[in-house]
Structures are given as C-alpha cells and as structure tokens.
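In case you want the letters, here they are:
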Amino acid sequence: MNVYIKTNTMFKASGILFLVFLIVALLINVEVTETWDRMIGESLYRIGEMDGFFIFLSYIGSKLFFYPALVVLTIFILFKRNWYLALFLWANLIGVRFLNTLLKTIFSRDRPSLDHVVEAGFYSYPSGHSMNSMAFFGAIAFLCYLIIKQSWLRNTLMAVCYVLIGLIGFSRVYLGVHYPLDVLGGFAMGASWLLFLSGMYLKVVHNKKMNSFHN
C-alpha cells in the first residue's frame, strides 16, 4: 500500500500524547484522583476469575514474547532487504523499554498493595506492559497500514493489534500489579514514543521513496 503520510501531523500528535502522559502523572499525585484510582483498581482486581487468560495476556505483553517475536519478524524483513525497517523496529522496542525504566525511576510510584497474581518488581508508573505493548503492537499495526494492500486483511490485523494492546493493559490491573492510571499513562507515553519514531522513519525513509516514485 503506497501512502504518503504527513510527518508533521504525527509529531504534533506525539506531543499531545506526551502532554496527556504528564497530566496523568499529575493526577496520581492529587489525593482525590489517586483515591479513585485505587478504588477502581481494587474493584477490577481478579474480576470474573479469569486468571489463566490474563496471565497469558500479560506474557504476550512482556519481553519474553517481544524479543523472540521481533527476531522472527526481523529475519523475514531482512530477506526483503529492508534494513531501515528492521532498525526502526529494534530502536522502537529497545528505546521504549529504556524510556519506561527512566520514567518509573523519575515518578517512583509504589505498586498496589494487593496480592500480585504474577511477579512484578520496580515502580508502578507508567505501566511497562502497557507502554511497551502500545509501542510494539502499534508498530505492527503501522506496518500493516503501510504494506498490506487488501483493506479487509489490513483492517483486521490492525484491529487485532489494538484489541491486544487494550487487553494487555487491562490484564495488569486485573492481576493487581498496576493501577488504572498507570495503564493510561503507559498507553499515552507508548503511543507518543511510537508516533515520534514512526514520524522519523517516514521522514527519512518511506516518504522519500514515495517522492522518488512520483517523480
């Protein structure tokens, strides 16, 4: 699917989402919203007794899945000799994980005091699973948009990516390792990072190819 995308729009959207992330960070330090965040998180904790399903989703949103999946995807991409795309995907995943660690250190929010269904360490805000899955599966959706010609297949795969992102975020609240605002902040920051990096990729690689093609 040959598309020319306005990178300035992506950079603006990235900036807006970064502001959303900062607003959420402020809200976790306001007593009223922090109390509501805890109450909602506790009400969603292990709701519906679906531990196995959400533990699996949490695994799908972890490095134990991301890195092997990215290796397989990279091998396929390198067979197509698309070096820049492989570099983009690795920079996206490694970068978002490093950024998440940095942000957790800065905000230093303690995790919920509930019994954690899965092992979870370090700080709570922003949710690493939410932030990383937004960047990883969001990048897959982005590739589907760029590459797949059949609209039904493209839209189906993109929808699957978005549903997975949402479920992975919810799984972290269900399992008692994050508050809802941790997940919301993770989504906002993950999307901000992905849009910024995708904009850079398009500016340097994809849109230049489209210009050359049309000229």
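Predicted, not measured: the structure shown is a model, and the values here were computed from it.

S.K.: Give a description of the nonpolar core that names residues and reports values.
M.R.: Formed by 47 residues in total, the largest nonpolar core has its most connected members in Phe-88, Leu-89, Phe-137, Phe-142 and Tyr-201. Contributions of two or more residues to this core are made by α1 (7-27), α4 (63-79), α5 (83-107), α6 (128-147), α7 (151-174) and α8 (180-214). Ranked by residue count, the leading element in this core is α8, at twelve residues. For Phe-137, the contacting residues outside a window of four places in its chain are Ile-60, Phe-65, Phe-66, Cys-161, Leu-164, Ile-165 and Ile-168. Counting residues in hydrophobic clusters, the runner-up holds six residues, among them Phe-54, Leu-57, Tyr-174 and Val-177.

S.K.: Talk me through the pattern of salt bridges; I want residue IDs and the actual numbers.
M.R.: One pass over the structure, following the stated rule, counts five salt bridges. Close ionic contact of Arg-109 with Glu-34 constitutes a salt bridge, the shortest N to O distance being 4.0 Å. One end of the pair, Arg-109, is in the loop between α5 and α6; the other, Glu-34, is in helix α2 (residues 31-44), with 75 residues separating them in the sequence. By relative accessible area, Arg-109 is classed as buried at 8%. Under the relative-accessibility criterion, Glu-34 is labelled buried at 16%. Residue Arg-46 is joined to Asp-51 by a salt bridge in which the shortest nitrogen-to-oxygen separation is 2.2 Å. Overall, Arg-46 belongs to the partly exposed group, its relative accessible area being 38%. On the basis of relative accessible area, Asp-51 is assigned to the buried category, the value being 19%. Where salt bridges share partners, they join Glu-34, Asp-37, Arg-38, Arg-109 and Asp-182 into one cluster.

S.K.: Can you explain α2? Please cite residues and give values.
M.R.: Its 14 residues place the ends of α2 20 Å apart at the C-alpha level, agreeing with the 20 Å of an ideal helix rising 1.5 Å per residue. One or two positions beyond α2, positive phi appears at Arg-46, with a value near 55°.

How each quantity is defined
- Residues numbered from 1 in each chain as written.
- Predicted model: local features only at pLDDT ≥ 70, side-chain atom pairs only at ≥ 80, totals over all residues.
- Heavy atoms only, no water.
- Core = buried A, V, L, I, M, F, W, Y, C linked by side-chain atoms within 4.5 Å.
- Buried < 20%, exposed > 50% of the residue type's maximum accessible area, 1.4 Å probe, protein only.
- Helix = DSSP H or I, 4+ residues; strand = E, 2+ residues; numbered from the N terminus.
- Contact = heavy atoms within 4.5 Å.
- Salt bridge = Lys/Arg side-chain N within 4 Å of Asp/Glu carboxyl O.
- Expected span 1.5 Å × (residues − 1).

In short, geometric facts, not functional conclusions.
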